[in-house]
Structures are given as structure tokens and as C-alpha cells.
Amino acid sequence: MHTSQAVADKPEHENPALLHHFATKGQQKNAASLGMWLFLAQEVMFFGGLFCAYLVYRYKYFGDFGSASQQLDIRLGTINTVVLICSSLTVVLAIRAVQLGKRMALVFWLLATILFGLAFLGIKADEYAEKFEKHHVPGASFSYHELLPGQEKFPPAERQYANPHHAEMFFSLYFAMTGMHALHMIIGVGLFGFLAYKAWRGKYTPDYYTPIENAGLYWHFVDIVWIYLFGLLYLIDRHR
Amino acid sequence: MATAVVSDSGERETYLNAGYGLKSWLLTVDHKRIALLYLMSITFFFFIGGFFALLIRLELLTPAGELVQSDTYNKLFTMHGQVMVFFFLIPAVPAVLGNFLIPLMIGAKDLAFPRINLLSWYLYIIGGTLMIYTILNGGVDTGWTFYTPLSTEFLKTNVISAIVGIFFAGFSSILTGLNFIVTIHRMRAPGMTWNRLPLFVWAHYATSIIQVLGTPVVAITLVLVALERLFHLGIFNPMLGGDPLLFQHLFWFYSHPAVYIMILPGMGIVSEIVCCFSRKRIFGYKAMTLAVVGIAVIGFLVWAHHMFVAGISVYAALIFSLLSYFVAVPSAIKVFNWTATMYKGSITYQTPMLYAFGFIGLFTIGGLTGLFLACLGMDVHVHDTYFIIAHFHYIMVGGMVMAYLGGMHFWWPKITGRMYPEGWGKLAALIVFIGFNLTFFPQFILGYLGMPRRYHAYPAEFQILNVLSTAGATILAVGYLLPMVYFVWSMRYGKPAPPNPWNAAGLEWQTQSPPPTFNFDEQPVVTWEAYNYDEIDEIPEKEEVPVAH
């Protein structure tokens, strides 16, 4: 029928970064970034299931969750939050570097991001180790004997203790949520390692840096998840 | 990638003869080849799931549990459900026909992310392998729904491997959906506006939204079940204060919309077939597109109707009941518009059209009985009975599998370049229709009389209806084996197919059969509306496109 009318091959097809099935670089870049945003939407739903479970129980067992929350190390949690925010900055600086065509600066900022990521994971591992020592890991050896928040002001005989079962649920959610987040961090660090190698080989130019930008989106997403985790897990009932 | 138009043997190059050998298939990034990889894999799982179904029907031939014990029976219906839902129904139409046709229909060379497309297939295969391992290692008996605390605290079967398998299949499905959405947004040919898209593409767009936004929720939920089993985390465990209802909410948040993942692509197929064999423009194109998106959106808001007797609040149940009724509105729009399209059309009764008729009738029965279940009082009466089984099999098998088979017949000439034998096709369609109704209609009555689902034995007065159902299942099995045989036969002996054997509208018919690797020799430019059958039938002679072979 009316098919013909060939759209002439554009000279852009000479560009090795342009895949065969795209007509223009713009189309390719738009496709990649829409794909990444959809992937992040999927991630939001994935973490959404966890957040939903958490919020249900936090509502149901607020006092016990508050008590268990105070067992977390707020100092380390805060440091980790700062570390991650810094890593988001270095990602943005990496994108800026590639836009300006500064290859070594790009590699440097990618490596800096990896370093911050590893620092976060190291601190997290330290926190996990502390949970093992204090028998706060759910399972057969879990034990918990702590006051409900705000009970210190009463005479010892009248103080109320948190329900250890509910505290165990808090730590279950703590490990599931921070564990899933840490897994995403590990994947991100691996991704940046790969990109740093490619960048060092000169693959990315001001003309083509979509992978850096998309990995950056992913990394910011993982950061934002942590910001919520920090608020939800560490900061319950701290104001008393 | 080969660029020559003519291959070594002198034949015109198609995606099938563009390369030979295992490597050219296993490492292909051509959406058409990946679709065939999926076709073979899902057919394999269809017959595994079907085998379990036949064992279930054989056991239910007699009232006493004679063929299998109750434990084995639990495994049979569990694995039937898991294999059919996650490894056949969900990927069937999108990953095979959608994969093959969407780029052709919108005039693109490939999906937006060809390598991710291949990755989806590998994820599916990893998941499938784990499912096979689960089956061979003694099976799993949670029911396909994995309800806690049964799945977390009590069972000693292969729950983890089944969950990990389904997790992989789920991510395969997410990536397919993501790929489709980006492709439909970014890869359309010049002139292919949103309002010129075939309804098949619209249906896949709506399906993909559910796949991308729904599947991750069941993925994390199943991960939590696995963590609970492996590391004794307490999330759904009632002994710690966990709430099994929370599991059900999270599970059905995906698994209800998943029903629409299964049925919407089927609706897309039926729209194409009905227009082509009625030689008419679709009635109410805009309404059809809105309906398909409407079903996807409302479908996200009705999940708790699976939990009316599970102990949710009465007010929640009322709201979910009302919302469930709303799904009937866009569904009815679709059925009315198909029938209105046929009204005063020049209908011919080719095999795909017979399947489309089957779909419309059976989907209507399935949909109307769905209203019974959306009704709170009625649902309490028939909950967990064979009424439910009959209802969703009318949608899933009567609707979706009918549409899938109709689509396979409709596009078989395009996929393989060969015609299937029309006489056998019509016969098989008839056998499937009779076998299906004989299998599942008695189950409506059984359920209404109170026979519960998931038991291997039943009171003697239910036997006659069960015998009818089992007899129907046998006929249905013949109906499914027949196309399998003549499709394979036709790949070698079928008549060579012209580019457009049905004289159908749609870009996919304007390239050769089978299409070349990059689909079109020249970039198509679209200047007409979808389903312009009035224009096509006015002009008898069309531009000649050379036939393969």
C-alpha cells in the first residue's frame, strides 16, 4: 500500500555508538532514559512492598518498634547518610566531567563514588556485626530485654518492657530493608567499577554518555531509599 | 549482522535463513527469533502444566482418592497453577506474539532494547529450570498462592526453589513490559500516531504497565517468604505478631492485576481478528483504547475481593466489591464493540475467527460469573468452591488460550511463511470449544452445589458432573495436541504464504512472509488510520511484494 517513501539514511549511522535499530542519537538516548525511569518505577514498587509491610507493623506495635529503634546506632546511621549524600554529589560531578569531555576527571569522580559506596557498606557491616553481638538478629538466638521508650523516669518496679516478639519483627524488617538496600549498593558499586574502566578506555564523550547518566539515576534512587530508611528505622520516637 | 538481501542459496533473505546453527539462535537479538525461542519454551511448560491438569482430572473421576494420596494431590494442583500462571499464561501472548509483532506493527526494526529482550528470555529459562528442578525434586504443595504461615512455617517441600524460579520469571516479565513501553513510545514509524496504533499494540501497552508496576510487589513478597523460611525473619509469622493477611494483600496486589496481564493481550488479538474477518473498521476505536487502559487501572484497585472471607473489615470489603463491579464496565464496552464491529460486516469463518467467536462467548460467561464473585453475599457462598475454578478457567483458558490459539493461526503465515491446513484448523477449534465447555461448565454447577476446591476426594453425588468434566478435559487435550501436530507439519509441507494472506490491514502484513531480519526493506511511513478495511476493499490490486521462496 502506502509503505515506500524511504527515509534517507542519515549520516549519523556512521556513529558506532548508534545501534542499528535507532534512526537518530536523540531517539536512542530518549529510549534509554525512558527505560531507566521505568526501571526505577519498578524499583519503587519493589521497595514499596517492604515499606508497606514496615508501616503496617510500625502502626500496630509503635512502642515496641520505638524501643527497638533506639538500639540502632544513630551516630553510624547519620555518618552513613552523609556519606551517601556525598556520593550523590560525586556522581553529578562525574556527569559534569563527561559533559565537558574531561576523561580523567570522569574516572576520578566515578572512583570517588565507588569509595563512598564502599565506605557506606563497611559502616553498615560494622552495624550488622554489632547486632550479632547483642543477639538482635532474628532467629533462635534472638533475645531482647529493653524498656519501652520513656519508661526510665518511672521507679524500676513499674517500668514496662517492650514485647520481644515485636522487637524481633522490627529487626526482621530492619535486616530485610537495609539488606535489600545494601544489595542495590553492591550492584551500584559494581556498575560504577565497570563504567570507570570503560571511561578510562575513553568510551564516553560529551556526545555519548547515556550509561553514566543512567547509572547516576540508579545511584540517586538508591540514595533516596536510604534517606527514607534512615528516617523510618533510626528516628522513630527519638524526640522524647 | 548480514546485510545481503539475497542469501547464499539464492532465496530471499528472511529472519529465518539469516543465520544457521545453535549460536545464531541462542545469541540472537532479533525480536522475531526471541519470540520463537519463547514459543518453544512456553509450549513445553504448557504441556507440563497440562499434564498435571490431566492427572487432577483423572483423580477426580471417582469420589474416593484412588489415583493419588492427598499430599500428592496438593502438589499436583500447586504445580499445575504455578507452571500455568507464571510460565505459560503470563508470558504466552506478550513474549511470543507481542515480541514478534509489536515492532512490525509500529514499523520499527526491533524492540528498543534487543539485548534486554534476550536477557528476559534467559531469565525466563533460569526460572523455568528452577521450576523443573522443583518438580523433579519432589514438588511443592503451597497452592500457587504461597499463603503464609503454611508456606513459611509448616511445609517441608521445595518452597524456596519454586519461589526463586518464579522470582526470575517475574523479572523476565518486568523487562519484557519495560521493553514494550519504551518501544511503543519511542520507536513508532513516521505517521504512526497513538490514535493509529492497532489495538493489539494498545493492549500490550496496558499489559506492560501492569507488568512493570505490579510484578515487583509480588517479587518482594515472595522474597520475604523465602527469607522467613531461610533466616527465620519474622514478617508474616503470627507467633511473633505478624499478619498473614498482610501477605495476602501484597500477594493479590500483583496477582489480581496479573489476571489482566493474561487477558488484555488476548483482547488485542481478538480486535485484530474480528476486524479482519468482518472486513470492517473497529467500532469505537477510542472507546476500545480507553477500555483497555481502564481495565489496567481499575484492575489495580480490586485485589481484596480475593479476601472477602479472610477477615478483612466489612467496609473494606464493601469498597472492593463496588470497585470490582466497575471492571465490568470497560470489559462490557469491549464485548459490545466487537459485536458491533461484526454487525453488517462481511464475515468469513476462517479458523482465527472461530477462535475469536469462542473467546467472545466464553469471556462473556467468565466475566458475568465474575460479577457473582464481586457480589459480597454470593462470594461468601461460593468462595473456594469449583465455581471459582470454573470462573477463572473461563477467563484464562476459554478467554486467553482461545485468543492465543486464534492469534497463532492468524499470524502463523507471517511467522513461518507457510499456511496451516484450514480444514484441520477449523476442526481443532471446534474440538477445543466443545472440550472446554464440557470440562468447565459442570464445574459451575459443582461449585454452586458446594464442592470445595483443592480436595482429592468428594461425596458420591458429585460424580456424574466430575465424570463429564474429566471427559471434557480429554477432548480438550486432543484439541490442543492437534494444532501442535499440524503447525509442525505445515512448517515443512504447508502452502507457502503470500505477504498478506488475509488481505488484512496493519503494517505487519506489508512486509514479506516471513519478514527480513530488519522487518522492512524501507522505513514505512503511515498515512492511514488503523483497520482501514473500507479503503483496502475498494482497491483490489495492491503494490506487489515478492513472495519468499
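Criteria and thresholds
- Residues numbered from 1 in each chain as written.
- Chains lettered and ligands numbered in written order.
- Predicted model: local features only at pLDDT ≥ 70, side-chain atom pairs only at ≥ 80, totals over all residues.
- Helix = DSSP H or I, 4+ residues; strand = E, 2+ residues; numbered from the N terminus.
- Rg over C-alpha atoms; globule rule 2.2 N^0.38 Å.
- Buried ≥ 20, exposed ≤ 12 C-beta atoms within 10 Å, placed from the backbone.
- Contact = placed C-beta atoms within 7 Å.
- Core = buried A, V, L, I, M, F, W, Y, C linked by C-beta atoms within 7 Å.
- Nonpolar A, V, L, I, M, F, W, Y, C, P; charged D, E, K, R; others polar.
- pLDDT = per-residue confidence, 0-100.
- Axes fitted to C-alpha atoms, helices over the stretch in contact; angles between N-to-C directions.
- Parallel < 35°, antiparallel > 145°, perpendicular 65-115°, else oblique.
- Left-handed = near helix turned anticlockwise from the far one by under 90°.
- Expected span 1.5 Å × (residues − 1).

Draft legend 1. Layout of the overall build of chain B. Looking only at helices and strands, chain B features 16 helices and zero strands. In terms of overall dimensions, chain B is globule-like: its C-alpha atoms have a radius of gyration of 23 Å, near the 24 Å expected for 549 residues. C-alpha atoms of chain B, sized along the principal axes, occupy 70 × 50 × 45 Å. In chain B, buried positions account for 58% of the 549 residues. Taking contacts inside chain B between residues at least 6 apart in sequence as the whole, the part at least 24 apart equals 85%.

Draft legend 2. Expanded view of the overall build of chain A. Along chain A, the regular secondary structure elements total six helices and zero strands. Walking chain A from its N terminus toward its C terminus, one meets helices and strands in the order α-α-α-α-α-α. For chain A, whose C-alpha radius of gyration is 24 Å, the value lies well above the compact-globule estimate of 18 Å for 240 residues. For the C-alpha atoms alone, the extent of chain A along its principal axes is close to 85 × 50 × 30 Å. A burial count over chain A gives 35% of its 240 residues as buried. Long-range contacts, defined as pairs at least 24 residues apart, comprise 75% of the intrachain contacts of chain A with a sequence gap of at least 6.

Draft legend 3. Focus on the nonpolar core. Judged by nonpolar contacts, the single largest core of 241 residues is most densely connected at Leu110(A), Leu173(A), Ile106(B), Leu264(B), Val270(B) and Val292(B). For this core, the leading source of residues is helix α3 (residues 70-106) of chain B, giving 23 residues. With sequence-adjacent residues up to four places away left out, Ile106(B) is seen in contact with Ile184(B), Met187(B), Arg188(B), Ala189(B), Met192(B), Leu197(B) and Val201(B).

Draft legend 4. Structural context of the interface of chain B and chain A. Across the boundary between the two partners, chain B contributes 43 residues, which contact 37 residues of chain A. Of all the elements in the fold, those that place two or more residues in the side of chain B that touches chain A are α6 (159-186), α7 (199-231) and α8 (244-278) of chain B. Looking at the side of chain B that touches chain A, its residues break down into 27 nonpolar, nine polar and seven charged.

Draft legend 5. Spatial organisation of the confidence of the model for chain A. The share of residues in chain A with pLDDT of 70 or more is 93%, and the mean pLDDT across the chain is 91. Scored below 50 in pLDDT, residues 1-13 of chain A makes 19 contacts in the model with residues more than four places away or belonging to other chains.

Draft legend 6. View of unusual backbone geometry. Residues and elements named next belong to chain B. Note the cis peptide between Thr148 and Pro149, where omega equals -5 degrees. Inspection of the secondary structure assignment puts Pro149 in the loop between α4 (114-136) and α5 (150-154). Geometrically, the link from Ser513 to Pro514 is a cis peptide bond, its omega value of -15 degrees lying close to zero. Looking at where Pro514 falls in the secondary structure, it is placed in the loop between α15 (463-493) and α16 (533-538). A positive phi angle, close to 55 degrees, is found at His232, a residue other than glycine. Take His232: it is sitting in the loop between α7 and α8.

Draft legend 7. Just the environment of Ser255(B), in detail. Relative to the helices and strands, Ser255(B) is located in helix α8. With 21 C-beta atoms packed within 10 Å, Ser255(B) lands in the buried category.

Draft legend 8. Fine view of the packing of helix α2 (residues 31-59) of chain B against α4(B). All names here are of chain B. One can describe the packing of α2 onto α4 by two numbers: an axis separation of 10 Å at closest approach and a directional angle of 15 degrees. Considering their axes alone, α2 and α4 lie roughly parallel with respect to each other. You can see that α2 and α4 cross each other, and the crossing is left-handed. Contacts between α2 and α4 involve His31, Ile34, Leu37, Tyr38, Ser41 and Phe45 from the former and Pro114, Asn117, Leu118, Trp121, Tyr124, Ile125 and Gly128 from the latter. The class makeup of the residues in the contact of α2 with α4 is nine nonpolar, four polar and no charged.

Draft legend 9. Geometry of helix α9 (residues 285-299) of chain B. Residue and element names in this part refer to chain B. Taking 1.5 Å of rise per residue, 15 residues should cover 21 Å, and α9 covers 21 Å from first to last C-alpha, within 8% of that figure. Considered for burial, the residues of α9 that qualify are Tyr285, Met288, Thr289, Ala291, Val292, Ile295, Ala296, Ile298 and Gly299. On its buried face, α9 is in contact with α7, α8 and α10 (314-342).

Draft legend 10. Structural context of the environment of Gly214(B). As for its placement among the helices and strands, Gly214(B) is situated in helix α7. Along the chain, Gly214(B) and Ser255(B) lie 41 residues apart, while their C-alpha atoms are 8.1 Å from each other.

Draft legend 11. Main features of the packing of α8(B) against helix α11 (residues 351-374) of chain B. Residue and element names in this part refer to chain B. Where α8 contacts α11, the two axes come as close as 9 Å, and the packing angle between them is 125 degrees. As summarised for this structure, α8 and α11 are arranged oblique, according to the angle between their axes. Along this stretch, α8 crosses α11, giving a crossing that reads as left-handed. In contact with Gly266, Val270, Ile273, Val274 and Phe277 of α8, α11 contributes Pro352, Met353, Ala356, Phe359 and Ile360. Partitioned by chemical class, the residues of the contact of α8 with α11 number nine nonpolar, one polar and no charged.

Draft legend 12. A look at the environment of Trp121(B). All names here are of chain B. Relative to the helices and strands, Trp121 resides in helix α4. On a C-alpha basis, the gap between Trp121 and Ser41 in space is 9.2 Å, while along the polypeptide they are 80 residues apart. The residues touching Trp121, leaving out its near neighbours within four places in the chain, are Ile34, Leu37 and Tyr38.

Draft legend 13. Looking closely at the confidence of the model for chain B. All names here are of chain B. Per-residue confidence for chain B gives a mean pLDDT of 94; residues scoring 70 or more make up 96%. Scored below 50 in pLDDT, residues 1-8 makes ten contacts in the model with residues more than four places away or belonging to other chains. What the predictor reports for the complex is a pTM of 0.93 with an ipTM of 0.92.

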